[in-house]
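So you can see what is in the structure, the chains are spelled out below.
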Amino acid sequence: MFGKAAQPNFSECQVVDLVKRLFQLTVAKAHPLPSYDDQNFHVSAGDGAEYVLKIMNSEDNCGYGPQKYLVRLLTYLPGVMLSTVAVSSQILFEVGKMAAEMDQIFQKMEHPHLGTLQREQFRWSLSSIPLLESYLSLLDGEPLQEVAKSVIHQYKTTVAPKYSQFRKCINHGDFNELNILVKPDETSSFRISGVLDFGDMSSGYFVHELAIAIMYMCTQHPNPVEAGGPVLAGFSSVFPLNEAEKDSLYILVLSRFCQSLILARHGISLHPENAEYLMITHRKGVGILSELWELGKEHVEEVWFQSAARLA
């Protein structure tokens, strides 16, 4: 749970000073970028180079005090966010394929502190769905509360017992439409050109990454249930699911919806000034979660797996 003081609140003048002091760069321009609970700036240096300055919220600063912030300066990647283009089966397939390839690359990482990705009780891990129960009071009196309770129950009773059969990996953990950059190719179709925001990386499972990708792509599709098939096809072209993973995918996707919607509501209660950004998924997500829940596991799985088989 993040507290009221967790999110940084640096002014543009302070950012100019930070970049000069920490990275020895002269800033020509700095302007804020959207962020969930960190603070991001697009920084243009005097020599024409472009960067993203990321100031992490104090809770995610693994061991730092509440008034200290981890600061990163990253290369600025050109492109447009996936959220700004119409999604096609081709780009959804590519999203799924990229998610699987990314996790396979993470498997090869070597670092003396790789163990820090074992983030126990990390609220954004799909392994932590039972933690959502402590936030359900935020939904008192709303139909969403009963759906969330039911999904969490299904997760605990039908998904959690299968974890020993899931294949482990390191997850990006937030593979959504705002963290995927695309650019047009020679055929005027869009291709993935970059991936952003690795701040939610944690030890997890391949099927978690797929569930997260499907959930967010549902919010971009005019018929949300149809988004899952192409994403599943792309993922399976690199990393086919086993039976336990297939059987758990539906509830894991709905669990991510619950996670996103409930934690957004919690975030708004702490930071109402950031409500516009925090509500991006919430605006569509409540209706999509209810729709997928009402359609039921059997029907949704039939749509996803039959579509994926046609695209294989």
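Caption draft 1: Structural view of the overall build of the protein chain. Within the protein chain, the secondary structure is distributed over nine helices and nine strands. Compactness check: the protein chain gives a C-alpha radius of gyration of 20 Å against a globular reference of 20 Å for 312 residues, within 12% of the reference. Here the C-alpha coordinates of the protein chain stretch approximately 55 × 50 × 40 Å along the principal axes. Per-residue burial for the protein chain yields a buried fraction of 51% across its 312 residues. Within the protein chain, residue pairs in contact and separated by at least 24 positions form 73% of the contacts whose partners lie at least 6 positions apart. Of the roughly 14600 Å² that the protein chain leaves accessible, carbon and sulfur atoms contribute 54%. Of the side chains in the protein chain, 25 bear a positive and 35 a negative charge, and the two mean positions are spaced by 3 Å.

Caption draft 2: Main features of the pattern of salt bridges. Overall, the coordinates contain 14 salt bridges when judged by the stated rule. With a shortest N-O distance of 2.4 Å, Glu-142 and Arg-265 are connected by a salt bridge. Note that Glu-142 is positioned in the loop between helix H2 (89–107) and helix H3 (143–159) and Arg-265 in helix H6 (residues 243–270), a separation of 123 residues in sequence. Here Arg-167 and Glu-245 are joined by a salt bridge, their closest N and O atoms 2.7 Å apart. Here Arg-167 is found in the loop between H3 and strand S6 (168–171), whereas its partner Glu-245 is found in helix H6, with 78 residues between them in sequence. In this structure Arg-167 comes out as partly exposed when scored by relative accessible area, which is 30%. Residue Glu-245 is classed as buried on the basis of its relative accessible area of 0%. Connected via shared salt-bridge partners are Lys-162, Asp-247, Lys-297 and Glu-301.

Caption draft 3: Inspection of the sheet that holds strand S2 (residues 39–45) at higher detail. Ordered by their spatial adjacency, four strands build an open sheet running S1-S2-S3-S4, and the pairing between neighbours is antiparallel. Since the sheet does not close on itself, it has two edges, and those belong to strand S1 (27–33) and strand S4 (71–75), each with one partner. Across the sheet, the mean angle from the axis of one strand to that of its neighbour is 25°, orientation sign disregarded. Alignment of S1 against S2, held across six bridges, turns out to be antiparallel. Note that in S2 the partner of His-31 across the bridge is His-42. Contacts from helix H1 (residues 12–23) reach S1, S2, strand S3 (50–55) and S4 within the one sheet, and its direction differs from that of S1 by about 120°.

Caption draft 4: Up close: helix H9 (residues 297–311). Here H9 contains 15 residues, and its C-alpha end-to-end distance of 21 Å stays within 8% of the 21 Å for a straight helix at 1.5 Å per residue. Turning to H9, its buried residues are Val-300, Glu-301, Trp-304, Ser-307 and Ala-308. Buried residues along H9 cover an arc of 145° about the axis, so they all sit on one side. Residues Glu-298, Ala-309 and Arg-310 are exposed on H9 and point more than 90 degrees away from its buried face.

Caption draft 5: Representation of the confidence of the model for the protein chain within the structure. Put simply, the protein chain has an average pLDDT of 92, and 95% of its residues get 70 or more. Counted against residues more than four places away or in other chains, residues 1–5, with its pLDDT under 50, gives 21 contacts.

Caption draft 6: Structural context of the packing of helix H4 (residues 206–218) against helix H5 (residues 228–236). Remark: H4 packs on H5, axes separated minimally by 9 Å, with the N-to-C direction vectors making an angle of 150°. Here H4 lies roughly antiparallel to H5, going by the angle between them. Remark: the crossing between H4 and H5 carries right-handed chirality. Along its contact with H4, which presents Phe-206, Leu-210, Ala-213, Ile-214 and Met-217, the element H5 presents Gly-228, Val-231, Leu-232 and Phe-235. Grouping the amino acids of the contact of H4 with H5 by side-chain chemistry returns eight nonpolar, one polar and no charged.

Caption draft 7: The side chain of Arg-119, seen in detail. Residue placement: Arg-119 occurs in the loop between H2 and H3. Here the side chain of Arg-119 touches Gly-199 through a polar contact of 3.1 Å, landing on its backbone oxygen. In this structure the side chain of Arg-119 is engaged in a polar contact, spanning 2.9 Å, whose partner is the backbone oxygen of Met-201.

Caption draft 8: Layout of the packing of aromatic side chains. Enumeration according to the criterion identifies eight aromatic pairs in this entry. Look at Phe-106 and Phe-198: their rings are 6.2 Å apart centre to centre, the planes differ by 80°, and that puts the pair in the edge-to-face class. In this pair, Phe-106 is assigned in helix H2 and Phe-198 in the loop between strand S8 (190–195) and strand S9 (202–205), connecting sequence segments 92 residues apart. Measuring from ring centre to ring centre gives 3.8 Å for Phe-206 and Phe-239, while their planes differ by 15°; the resulting arrangement is stacked.

Caption draft 9: Molecular detail of unusual backbone geometry. At Gln-24, a residue that is not glycine, the phi angle is positive and equals roughly 55°. Structurally, Gln-24 can be placed in the loop between H1 and S1. Taking relative accessible area as the criterion, Gln-24 reaches 59% and is therefore assigned exposed. A positive phi angle, near 60°, is found at Gln-121, a position not held by glycine. Structurally, the position occupied by Gln-121 is in the loop between H2 and H3.

What counts as what
- Residues numbered from 1 in each chain as written.
- Predicted model: local features only at pLDDT ≥ 70, side-chain atom pairs only at ≥ 80, totals over all residues.
- Heavy atoms only, no water.
- Helix = DSSP H or I, 4+ residues; strand = E, 2+ residues; numbered from the N terminus.
- Rg over C-alpha atoms; globule rule 2.2 N^0.38 Å.
- Buried < 20%, exposed > 50% of the residue type's maximum accessible area, 1.4 Å probe, protein only.
- Contact = heavy atoms within 4.5 Å.
- Areas by Shrake-Rupley, 256 points an atom, 1.4 Å probe, with all protein chains shown as cover.
- Lys, Arg positive; Asp, Glu negative; His and termini not counted.
- Charge placed at Lys NZ, Arg CZ, Asp CG, Glu CD.
- Salt bridge = Lys/Arg side-chain N within 4 Å of Asp/Glu carboxyl O.
- Pairing = 2+ DSSP bridges.
- Axes fitted to C-alpha atoms, helices over the stretch in contact; angles between N-to-C directions.
- Expected span 1.5 Å × (residues − 1).
- Arc of directions from axis to C-beta.
- pLDDT = per-residue confidence, 0-100.
- Parallel < 35°, antiparallel > 145°, perpendicular 65-115°, else oblique.
- Left-handed = near helix turned anticlockwise from the far one by under 90°.
- Nonpolar A, V, L, I, M, F, W, Y, C, P; charged D, E, K, R; others polar.
- Polar contact = N/O pair within 3.5 Å; in protein donor to acceptor, adjacent residues only side chain to side chain.
- Phe/Tyr/Trp six-rings, centres within 6.5 Å; stacked < 30°, edge-to-face > 60°.

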